[in-house]
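What the coordinates show
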Amino acid sequence: MKDAPAESLMYSKMDIVQPTCEKKPKELSIHGDTRIDNYYWLNDRENPDVIAYLNAENKYLDTVMSHLDSFKTTLFDEIVARIKQDDESVPYLDNGYWYYTRYEKGKEYPIYCRKEGNMDAAEQIMLDVNELAKPYSFYNVGGLSVSPDNKILAFGEDTLSRRIYTIRFKNLETGEISEQKIENTTGSTVWANDNNTFFFTRKDETLRPDKIYKRKFNQAGAADQLVWHESDPTFVTYVYNSRSKKYIFIGSYQTVSTEYKVISADQPDAPYKVFQPRERDLEYAVEHFNDKFYIRTNFDAKNFRLMECGENATSKNDWQELIPHRDSVLFEGMDFFNNYLVLSERIDGILKMRIRGWDGSDDHYVDFGEEAYVASAATNREADTKKVRIGYTSMTTPVSVLEYDMETHDLKVLKEQEVIGDFDKNNYQSERLYVKARDGVKVPVSLVYRKDLFKKDGSSPLLLYGYGSYGASMDPYFSSVRLSLLDRGFVYAIAHIRGGEELGRQWYEDGKLLNKKNTFTDFIDCGKYLVAEKYGAADELYGMGGSAGGLLMGAVVNMEPKMWKGIIAAVPFVDVVTTMLDESIPLTTGEFDEWGNPKDKTYYDYIKSYSPYDNVEAKEYPAMMVTTGLHDSQVQYWEPAKWVAKLRDMKTDKNPLVMYCNMDTGHSGASGRFERYKETAMEYAWLLDLAGKAD
């Protein structure tokens, strides 16, 4: 089976008819250039013909993959079997209560709990999400926030998968869920110290968070008070409490600029004060601790530095440097304790934890004993402690919660996520490589394989994953789901390509706007290197990416279609020109500094030169699986639908092209902790079938 051509695997029934999508040409003109979009009409989700087409694609997928039905079930069962069903998170202390989340056998959703004073106290169930989710095909809870007096829980619920949340409230003393609701929000609630006033964020018609309101809990019928309206369509706004609980911050940010406003948490009706007015190319994040403000900023510091100022400071001119800028270190975050400062710093692509006494003493990095890993501060609500919680994982180490004694340097594992079954992390090997790209830049690659199934002889199937946008770093993390590939002989690799921020801010700058094509060529060069170095077979190379990573997939199949045996493009952003010209679509206006504004001809021409949908040609393409969700708020369903329709019409090969549209969900897929893996099992079954390993 292994050497069978791709088309024989899924097109064995010659009478299977591929879906066809009606062409309705629409002219799109700007800058003297006219594009003909035959499938523009698919952007109307209320049109019965659109729904019929999406259903036809789903039916076609079911038909051509029907021979894999039992294998999909096998994969799903083994993925779920690795998950500890009766599970519980490591409790953390906050304002006198120990909070934790637990799961019960056979149930899809979490149960949020707490105990007063110590873990021997009686359990109080704050929310059993399984009960709340019963009426819905999709249900997600977010933004849990308890009032300072520990009596009222606010939470957001999304029942459509559009990331539009309704805020609800529960009295933790009586167990009663209030009739009071706030619709069209981000789901997060911020309490003032009076236990009555709370702040929340609403969205506009494009789903951009644009307004901060406040309300008195005991005055539910009164009109909400508008606190801040972010009128600049390139910015979004949000609100949060300071670490000290002394202030409430209202933030506004876009790709290259931020601004914060400060309100006293003790005087929530007092006017806000602008902390530092927005400036183009000035980014900063602000926290408050021990009567000082602390600022992570790129002010004269490309890779960011840490500064501080007193409570009466009026602008950045009052900021004083605490941790200086370094060319080789990206400063990503900070956490504060009474005696220690904890810093997150990315060095050579790895996020490291730095501990430092406030007086500069005992400045050191935590030694985790692995070359490539992911480490970051976990939930640390109490400041009067010498122990810091750290989240940790690597490509061979399951997600863990560690406790590090900042005084003695002792490191203790509080919990390593249990993988049910015969999993032994010593059976797997991870490596960190550096690939020389075509312009001489060295691109990191992290990979993992099962030792007893891997030979470095160019015979292994290899799945290369990438993202490369928004400065998001794709770290070398563990996945128990991925074991279904590794245990069948796959090598799994992550290409840390430009457009991410793994190697500092410049790494991001070199992969966006008019440098975006570096993202695509880096990925291609990494794939070629792994084949040349015999980590994978030349005829068994696969690519995978989602969202902006789906853009990556669309670009590389246009640029190098013969490299790949198969591609999985999840919720792919592929119609870049049309989307970035439509300011009514969610995310568009806030992303001009990521992709460029195509109303400027320079950016129009550049984006058009790589936009996957605009560059589909009459040529051979690899086998492809494309996924989307009807209610996706991030990448609208019609982008992948149009792309698939155009590929079907133009491609000259017989390789499989299938699309799955989840008619109930959005960008993140199904909401249950097990249900979501049905789609993963489908993708893996398709992939393993192409590789001749569907047994």
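Here the structure is a predicted model, which is why all the values come from computation and not from measurement.

Let's shift gears to the overall build of the protein. Helix and strand counts for the protein come out as 13 helices and 38 strands. Relative to its length of 695 residues, the protein is compact, with a C-alpha radius of gyration of 26 Å against a globular reference of 26 Å. Judged by the C-alpha coordinates and their principal axes, the protein covers about 70 × 55 × 50 Å. Burial status across the protein gives 58% buried among its 695 residues. About 27800 Å² of surface is accessible on the protein, with carbon and sulfur atoms providing 46% of the total. Averaging the locations of the 86 positively and 111 negatively charged side chains of the protein gives two centres separated by 1 Å.

Once that is clear, we can look at the sheet that holds strand β12 (residues 197-203). As summarised here, the arrangement of the 7 strands in space is β8-β9-β10-β11-β12-β13-β14, forming an open sheet in which the pairing is antiparallel. Of all strands in the sheet, those with a lone pairing partner are β8 (140-146) and β14 (225-229), marking the two edges. Recorded for the sheet is a direction-independent mean angle of 40° between the axes of neighbouring strands.

Compared with an ideal rise of 1.5 Å per residue, which puts 13 residues at 18 Å, helix α3 (residues 69-81) spans 18 Å between its outermost C-alpha atoms and is within 8% of the ideal. For α3, the full list of buried residues reads F71, L75, F76, I79 and V80. For α3, the buried positions fall inside an angular range of 165° around the axis, keeping them on one side. Looking at the buried positions of α3, the neighbouring elements they touch are α5 (483-486) and α13 (677-690).

Let us look at the packing of α3 against α13. It is the contact of α3 with α13, at a shortest axis distance of 8 Å, that shows an interaxial angle of 125°. The pairing of α3 with α13 is recorded here as oblique in orientation. As for the relative orientation of α3 and α13, their crossing is right-handed in sense. Across the interface between the two elements, F71, K72, L75, F76 and I79 of α3 pack against Y677, K678, T680, A681, M682, Y684, A685 and L688 of α13. Taken together, the residues of the contact of α3 with α13 sort by class into 10 nonpolar, 1 polar and 2 charged.

A separate point is α13. Think of an α-helix as turning once every 3.6 residues; residues three or four places apart then point the same way. Under the 1.5 Å per step criterion, the end-to-end length of α13 is 20 Å for 14 residues, consistent within 8% with the ideal 20 Å. G692, located one to two residues past α13, shows a positive phi value of around 70°.

Moving on to the packing of helix α7 (residues 517-532) against helix α8 (residues 548-559). Interhelical geometry of α7 versus α8 gives an angle of 70° and a closest axis separation of 9 Å. Classified by the angle their axes make, α7 and α8 are roughly perpendicular. Of the two possible hands of crossing, α7 and α8 adopt the one that is right-handed. Along its contact with α7, which presents T519, F520, T521, F523 and I524, the element α8 presents L551, L552, M553, A555, V556 and M559.

Further remarks concern the sheet that holds strand β23 (residues 329-336). An order of β23-β24-β25-β26 is seen for the 4 strands of this open sheet, with the pairing classed as antiparallel. A strand with exactly one partner marks an edge of an open sheet, and here the two such strands are β23 and β26 (364-365).

Judged by how many residues are buried, strand β24 (residues 340-347) sits mostly within the fold: 8 of 8 residues are covered. Going residue by residue along β24, you find Y340, V342, S344 and R346 tucked away on one face and L341, L343, E345 and I347 tucked away on the opposite face as well. Summarising the sheet, β23 and β24 pair through 7 bridges and their orientation is antiparallel. Within β24, the residue paired with F336 across the bridge is L341. Hairpin connection from β23 to β24: 3 residues lie between these consecutive antiparallel strands. Between β24 and strand β25 (residues 350-357), which pair antiparallel one after the other, the connecting turn spans 2 residues, and D348 there sits at a positive phi close to 50°.

With that settled, consider the nonpolar core. With 115 residues, the main nonpolar core has W564 and W643 as its most contacted residues. At 9 residues, α13 tops the list of elements feeding residues into this core. Apart from residues no more than four positions distant in its own chain, W564 is found in contact with L464, F523, I524, L541, Y542, G543, V556, V557 and P622. If you look at the next biggest cluster of nonpolar residues, it comprises 17 residues, including M353, A372, I390 and L402.

Glancing now at the packing of aromatic side chains. Applying the stated criterion across every chain yields a total of 44 aromatic pairs. Measuring from centroid to centroid gives 5.5 Å for Y136 and Y139, while their planes differ by 20°, and the two rings are stacked. With relative accessibility at 36%, the residue Y136 sits in the partly exposed group. Given a relative accessible area of 0%, Y139 falls into the buried group. The structure contains a cluster of three or more aromatic residues connected by ring pairs, namely Y238, Y240, Y247, F249, Y253, Y260, F275, Y284, F293, F299 and W319. Positioned above the aromatic ring of Y97, the side-chain terminus of R114 is 3.9 Å from the ring centre. Here the guanidinium or amino end of K261 rests over the ring plane of W228, the centre of that ring lying 3.8 Å away.

Inspection of the secondary structure assignment puts K654 in the loop between α12 (638-650) and β38 (657-662). Taking the C-alpha atoms as reference, K654 lies 9.0 Å from P622; in sequence the two are 32 residues apart.

Its identity as a non-glycine residue notwithstanding, D362 has a phi of 50°, on the positive side. Mapped onto the elements, D362 comes out in the loop between β25 and β26. A positive phi angle, near 65°, is found at S547, a position not held by glycine. Tracing the backbone through its elements, the reader meets S547 in the loop between β35 (541-546) and α8. Classification of S547 as buried rests on a relative accessible area of 14%.

Rules used throughout
Residues numbered from 1 in each chain as written. Predicted model: local features only at pLDDT ≥ 70, side-chain atom pairs only at ≥ 80, totals over all residues. Heavy atoms only, no water. Helix = DSSP H or I, 4+ residues; strand = E, 2+ residues; numbered from the N terminus. Rg over C-alpha atoms; globule rule 2.2 N^0.38 Å. Buried < 20%, exposed > 50% of the residue type's maximum accessible area, 1.4 Å probe, protein only. Areas by Shrake-Rupley, 256 points an atom, 1.4 Å probe, with all protein chains shown as cover. Lys, Arg positive; Asp, Glu negative; His and termini not counted. Charge placed at Lys NZ, Arg CZ, Asp CG, Glu CD. Pairing = 2+ DSSP bridges. Axes fitted to C-alpha atoms, helices over the stretch in contact; angles between N-to-C directions. Expected span 1.5 Å × (residues − 1). Arc of directions from axis to C-beta. Contact = heavy atoms within 4.5 Å. Parallel < 35°, antiparallel > 145°, perpendicular 65-115°, else oblique. Left-handed = near helix turned anticlockwise from the far one by under 90°. Nonpolar A, V, L, I, M, F, W, Y, C, P; charged D, E, K, R; others polar. Core = buried A, V, L, I, M, F, W, Y, C linked by side-chain atoms within 4.5 Å. Phe/Tyr/Trp six-rings, centres within 6.5 Å; stacked < 30°, edge-to-face > 60°. Lys NZ or Arg CZ within 6 Å of the ring centre and 35° of its normal.

These figures come from the coordinates and say nothing about function on their own.
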